[in-house]
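The lines below spell out each chain.
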Amino acid sequence: MSFINYSSREINCKIVYYGPGLCGKTTNLQFIYKKTNPQARGKMISLATETDRTLFFDFLPLSLGDIRGFKTRFHLYTVPGQVFYDASRKLILKGVDGVVFVADSQVERMEANIESFENLRQNLAEQGYDLDTIPLVIQYNKRDLPNVVSMEELQKALNIRNVPAFEAVAPEGVGVFETLKAIAKLVLIELRKGTGG
Amino acid sequence: MRPNLVLYEEEFNLVTDVIKRLVTSANAKVVFLVDKNGQLITSSGHTEGIDTTSLASLTAGNIAATGGLAKLIGEKEFSILFHEGEKDNIHISIIGHRVILVVIFDERSSLGLVRLRVKKSGEELEKVFAEIDNKAGTDTSGLGVDSPFAEITDDDIENLFS
Ligand SMILES: Nc1nc2c(ncn2[C@@H]2O[C@H](COP(=O)(O)OP(=O)(O)OP(=O)(O)O)[C@@H](O)[C@H]2O)c(=O)[nH]1
Ligand SMILES: [Mg+2]
């Protein structure tokens, strides 16, 4: 659900990074934070455990600039990927405008990817959203590691909708802004259609 | 699915006016109005030095988490939260199940006074937001027919990233 304020001429949209534990969601936001002009971003908030696992969410507000005289703001959130934090994941999805699904490319995380994707479908459905229609981008992260699944196989397993998909190495920023740009675009296109929500 | 929250000048001014009056009547330092998704709607009082965007997001997270707790024990929601600090206190309440009213106050006010004033302002805000929902009516986008976004071009979008 975007928030449009005609008085201050602002649009706010919510993007959620979803995916299995340790796939690199928080790392995506950290890289975006590091590389964004301080005027264009707010503080990054991370509610994390002592071992740096996301406990509730990470939050990063970004201003992308003007569109038709409206300031365009994106609020980026990550969910906690660990299976037992499901209740928190549901809360973060409330009011989402677009989803980035971050997959962990390592062979041994394939099952976790698929499980997380199904979990996303179910949690979206509970909020009245459909994973088959919501603005969605997929990121295949950790492409730098030796034991990765081929892109072809990953696409077959996860990208049934044939949405924009990117290879990434999040700590180095490979694919990070490409992913963000793609989801921001899809969300704005949805807004143009006037079917947003 | 919820329609987009759209605030036109007129309602924005009505809402902001209620918030301004609450700062005075409750003797508060700052008052914020936040939507349940963590987006700041409006604020009034001594907002300098406060990171309003972070505050909005954390407030919504807080309300979402306590709402989850409420459901677990069979309550619908906890409509009021209160956090007491050494100097400043924070009073959070849900208005009409959809927006969150945050009042920050110190020893120049009291919990009793804040509660009393919040109740009255809450009722006023509820009316305004009911009006907003009415206006949005059956238009699921909440954007109305004259939406400026219908005209967004691919170039407009591309330019955001250049
Ligand atoms: N080699 C490599 N390591 C990565 C990559 N992306 C993230 N990591 C590392 O993987 C670990 C987990 O990354 P996070 O970003 O915290 O993972 P997360 O998805 O937020 O995990 P949760 O908060 O538990 O859901 C960190 O040590 C990262 O440095 C990558 O592309 N390549
Ligand atoms: Mg994380």
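In this report, we go over the structure that sits alongside the text. The structure presented is a predicted model; accordingly, all values stated were derived computationally and were not measured. (Residues numbered from 1 in each chain as written. Chains lettered and ligands numbered in written order. Predicted model: local features only at pLDDT ≥ 70, side-chain atom pairs only at ≥ 80, totals over all residues. Heavy atoms only, no water.)

This part takes up the overall build of chain A. On a plain count of helices and strands, chain A comes out with five helices and eight strands. Counting helices and strands in the order they occur from the N terminus, chain A gives β-β-α-β-β-β-α-β-α-β-α-β-α. Expressed as lengths along the three principal axes of its C-alpha atoms, the size of chain A is roughly 50 × 35 × 30 Å. Sorting the 197 residues of chain A into buried and exposed places 57% on the buried side. Excluding contacts between residues fewer than 6 apart, the proportion of contacts in chain A whose partners are at least 24 apart in sequence is 68%. Accessible surface, chain A as shown: approximately 8,100 Å² in total, 52% of it carbon and sulfur. Across chain A, 24 positive and 22 negative side-chain charges occur, with their mean positions spaced 8 Å apart. (Helix = DSSP H or I, 4+ residues; strand = E, 2+ residues; numbered from the N terminus. Buried < 20%, exposed > 50% of the residue type's maximum accessible area, 1.4 Å probe, protein only. Contact = heavy atoms within 4.5 Å. Areas by Shrake-Rupley, 256 points an atom, 1.4 Å probe, with all protein chains shown as cover. Lys, Arg positive; Asp, Glu negative; His and termini not counted. Charge placed at Lys NZ, Arg CZ, Asp CG, Glu CD.)

Time to look at the coordination of the magnesium ion (ligand 2). For a metal bound by four donors in tetrahedral geometry, the ideal donor-metal-donor angle is 109.5 degrees, whereas six donors in octahedral geometry ideally sit at 90 or 180 degrees. All names here are of chain A. Distances from the magnesium ion (ligand 2) to its protein donors, namely Thr 26 (OG1) and Thr 54 (OG1), fall within the range 2.0 Å. With Thr 26 in helix H1 (residues 25-35) and Thr 54 in strand E4 (residues 54-67), this pair connects stretches of sequence that are 28 residues apart. The buried category is assigned to Thr 26, whose relative accessible area is 19%. With a relative accessible area of 9%, Thr 54 lands in the buried category. (Donors = N, O, S within 2.8 Å, 3.2 Å for Na, K, Ca; no water.)

Residues and elements named next belong to chain A. Taken together, 19 residues surround ligand 1, and among them Lys 25, Thr 26, Thr 27, Arg 53 and Gly 81 come closest. Lys 25 is positioned such that a nitrogen or oxygen atom in its side chain is 2.8 Å from an oxygen atom of ligand 1. Contact distances for ligand 1 include 2.9 Å between an oxygen atom and a side-chain N or O atom of Thr 54. Coverage of ligand 1 by the protein chains reaches 78% of its 650 Å² of free accessible surface. Take the shell around ligand 1: its biggest share by element is three residues, from H1. (Near = heavy atom within 4 Å. Polar contact = N/O pair within 3.5 Å; in protein donor to acceptor, adjacent residues only side chain to side chain.)

Moving on: the environment of Gln 155 of chain A. Tracing the chain through its elements places Gln 155 of chain A in helix H4 (residues 151-158). Look at Gln 155 of chain A and you get partly exposed, because its relative accessible area is 28%.

Bringing the pairing of strand E5 (residues 70-78) of chain A into the picture now. All names here are of chain A. Of all nine residues in E5, seven are buried; the element is thus mostly enclosed. With eight bridges connecting them, strand E2 (residues 10-18) and E5 associate as parallel partners. Each residue of the ladder has a partner; that of Asn 12, found in E5, is Arg 73. Across nine bridges, the pairing between E4 and E5 is antiparallel. The partner of Leu 62 across the bridge, within E5, is Phe 74. Between E4 and E5, which pair antiparallel in sequence order, lie two residues; one of them, Arg 68, sits at a positive phi of approximately 50°. (Pairing = 2+ DSSP bridges.)

Read these as spatial facts, not as claims about activity.
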